[in-house]
Amino acid sequence: MSLAAYANTARFDVKKNQIQNPHVVILGAGTSIAACPHGDANGLMLPSLQDVQEATGLTELFYEIEEKEGSLGEGFEAKYSRLHQLGNYKNEIGKINDAVRSYFAQLQLPDHVTPYDQMILGLREKDFIFTFNWDSFLLQALQRCSGVAEMPSIHFLHGCVGVAFCASCKVKSNAGLPCPKCGGDMTPSQLLYPVMEKDYDSDPVIQDEWNALRHALDDAYFITVYGYSAPVTDVAARKILIDTFSSNRFREMAEVEIIDIRDRDEIEKSWSDFYFSHHYGIFESFDNSQIFRHFRRSCDAFAMASLQCNPVPENTPTGISAITELREFAKPLYQEEKDNAQFWKDHENPFSS
C-alpha cells in the first residue's frame, strides 16, 4: 500500500497534521508493579499473577489442598483452574475469590505521578486503555486527573475491584453505586476465571469490554503493550488480540511498542504473531514510550515521522512528580487541541462568518 493510500485509509489529515485513528494501550500486572515498585501508598506490595497466593495469604490453603491432591500446577492461575477441575472445592474457591478481592480493593496509588496518571492525561478522547488488572489504579488516576482535558476510554478485560456492572442495562460504574440507568443494584465484576476455560463472550458485560477491544484494535494506528506477557495459557485472550489486529487494514504501517523488563528474545517470541515484520519497539521503561515522549500527540507525531518524513520535537513531562504539575502540563496541550478544532471548524464551513 502506498503512503498516500495509507494516509487516506488511516484518516490522516495532511493539512491538519492529525490522525484520527486511536492509540490503543493494553496493560498487565507489570504496569502496577512498575507504578508501585516499593509498594502502594500504604506499603502493600503489587504481586505478579504468579505470586498472588503469597500476597493474599492463600499459600497455606493451597498447601493443605496439595497435601491431599498432589500438585495443583505452577502459579496461581494454574492452581485455581485445577481446583475448578477437581469439582469438590467450592468453599475453598469462595475463600480464594474473597481474599483476592479484599487484597486488591485495599491498594491505593502513591501521591506522586505514576505511569497511570501519565497515560490518562497523555492520551486523547479518541484513544483507548484496556487493562487486565484487578486493582483500581486506572480509576484512581482518572479521578485525580479529571477536569483538565478530554480523556481516553478505559475498559476492564478481567474485571476490577473498583467496578460494578448492571447486566440488564449493560453499563459499568463505580462499585458501591446504583445503576445510573435503572437505579438498581450493581453486580461486582468477576475477577477470577479458570485459565483454560476463559470465555470472554459468556458474560454480556465483559463481552462488551472485549468487543470494545476488538473494535479498537481493528482501527488502531499505534499500540502500546505495557507489563502484559500474553501468556500462552490464556488461549482466548491471545486469539482475540492476534486475530483482530491481523485484520487491521493498515497493520503494515501501524506500530507496536512493548514495555517489559523480560529478556528481549523472550518478549519477541511472545509477540511474534502479533506485530508486523519489524514494526515494533521494545523498552524497559514507560519513559521511552510514545505516550511519554509525545504527550497527547502520540499518533500525530508518529504519522509525521513515518508518513510525512518530518519528525516533530518531543514534548515530555520529564521531572514532573506532582499531580498538580502534571495537570498544568496537560492544560495548554488540550487548549491547543480545542483551538485547532475551532479553527478548522470555522475555516472549513463555507457559511461561517
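The structure this text deals with has already been given above.
The written sequence of each chain sets the order in which its residues are numbered from 1. Totals for whole chains, interfaces and linings use every residue, but because this is a predicted model, local features are given only for residues with pLDDT of at least 70 and side-chain atom pairs only at 80 or more, for both listing and counting. Excluded from the side-chain calculations are hydrogens and water; all other atoms, namely the structure's heavy atoms, are used.

## Some thoughts on the overall build of the chain
Put simply, the test is: Counting from the N terminus, the helices are the DSSP runs of H or I reaching at least four residues and the strands are the DSSP runs of E reaching at least two. Residues count as neighbours in contact if any of their non-hydrogen atoms are within 4.5 Å of one another. Only the protein chains shown count as cover for residues, with accessible areas throughout obtained via the Shrake-Rupley method and a probe of 1.4 Å.
When helices and strands are counted, the chain shows 14 helices and 11 strands. Put simply, 71% of the contacts in the chain that link residues at least 6 apart link residues at least 24 apart. Working note: accessible area of the chain is about 16,500 Å², and carbon and sulfur atoms make up 50% of it.

## Considering the sheet that holds strand β8 (residues 187-188)
Strands belonging to one sheet form pairs held by backbone hydrogen bonds; the direction of such a pair is parallel or antiparallel. As a reminder, the rule being used: Whether two strands pair depends on DSSP finding at least two bridges between them.
Ordered by their spatial adjacency, 3 strands build an open sheet running β7-β6-β8, and the pairing between neighbours is antiparallel. If you trace the sheet from one side to the other, it starts and ends with β7 (171-174) and β8, each paired once. In this sheet, β8 lies alongside strand β6 (residues 163-166) in antiparallel orientation, the contact comprising 2 bridges. Considered in β8, the bridge of A164 is made with P188.

## Some points on the side chain of E209
Rules: Under the rule applied, a polar contact is a pair of N or O atoms within 3.5 Å (in protein, one hydrogen donor and one hydrogen acceptor; residues adjacent in sequence only if both atoms are side-chain atoms).
Here E209 shows up in helix α9 (residues 204-219). A polar side-chain atom of E209 sits 3.4 Å from a polar atom in the side chain of H155. Side-chain polar atoms of E209 contact the side chain of K172, separated by 3.1 Å. Every residue in contact with E209, bar those within four places of it in the chain, is listed here: F130, H155, F156, L157 and K172.

## Looking at the side chain of T244
Which entries qualify depends on this criterion: Classification of residues uses two cut-offs on accessible area relative to the type maximum, computed with a 1.4 Å probe and protein chains only: under 20% is buried, over 50% is exposed, and between them is partly exposed.
Residue placement: T244 occurs in helix α10 (residues 235-246). By relative accessible area, T244 is classed as buried at 11%. If near-sequence neighbours (up to four positions away) are discounted, T244 is found in contact with R214, L217, D218 and K239.

## Considering the pattern of salt bridges
The cut-off we apply is this: Note on definitions: salt bridges are taken to be side-chain nitrogens of Lys or Arg within 4 Å of carboxyl oxygens of Asp or Glu.
Using the criterion set out here, one finds 14 salt bridges in the structure. A salt bridge links R124 to D300; its shortest N-O distance comes to 3.2 Å. Placement of the pair is R124 in the loop between α7 (115-122) and β4 (128-131) and D300 in helix α13 (residues 298-306), with a sequence separation of 176 residues. Each member of the pair, R124 as well as D300, is classed as buried. With a shortest N-O distance of 3.1 Å, E209 and K172 are connected by a salt bridge. Highlighted residues: E209 in helix α9 and K172 in strand β7, separated in sequence by 37 residues. Here E209 falls in the buried class, since its relative accessible area comes to 4%.

## Focus: the packing of aromatic side chains
Rule in force here: Note on ring pairs: Phe, Tyr and Trp rings are taken, using the six-membered ring of Trp, and paired if centres are within 6.5 Å. Classes follow the plane angle, with under 30 degrees stacked, over 60 edge-to-face and the rest tilted.
Per the stated rule, a full pass over the model turns up 17 aromatic pairs. Residues Y103 and F104 carry aromatic rings whose centres are separated by 5.8 Å and whose planes lie at 75° to one another, so their mutual orientation is edge-to-face. Residue Y103 shares its accessibility class with F104, and that shared class is buried. Residues Y221 and F302 carry aromatic rings whose centres are separated by 5.3 Å and whose planes lie at 55° to one another, so their mutual orientation is tilted. Of the two residues, Y221 sits in the loop between α9 and β9 (222-226) while F302 sits in helix α13, which places them 81 residues apart along the sequence.

## Here's the deal with unusual backbone geometry
One non-glycine residue, R296, lies in the positive phi region at around 60°. Locating R296 in the fold gives a position in the loop between α12 (290-293) and α13. Residues other than glycine seldom take positive phi values, yet C309 does so here, at roughly 55°. With respect to the helices, strands and loops of the structure, C309 is situated in the loop between α13 and α14 (323-348). Relative accessible area serves as the criterion here: at 63%, C309 is assigned to the exposed category.

## Brief notes about the pairing of β6
Each regular strand displays side chains that alternate between the two surfaces of the sheet. Along β6, one buried face is formed by V163 and F165 and the opposite face, lined by A164 and C166, is buried too. Hairpin connection from β6 to β7: 4 residues lie between these consecutive antiparallel strands, with K170 at a positive phi of about 55°.

## Focus: the environment of L61
Positionally, L61 belongs in helix α4 (residues 59-69). Taking the C-alpha atoms as reference, L61 lies 8.8 Å from I96; in sequence the two are 35 residues apart. Apart from residues lying up to four places away in sequence, L61 is in contact with E92, K95 and I96.

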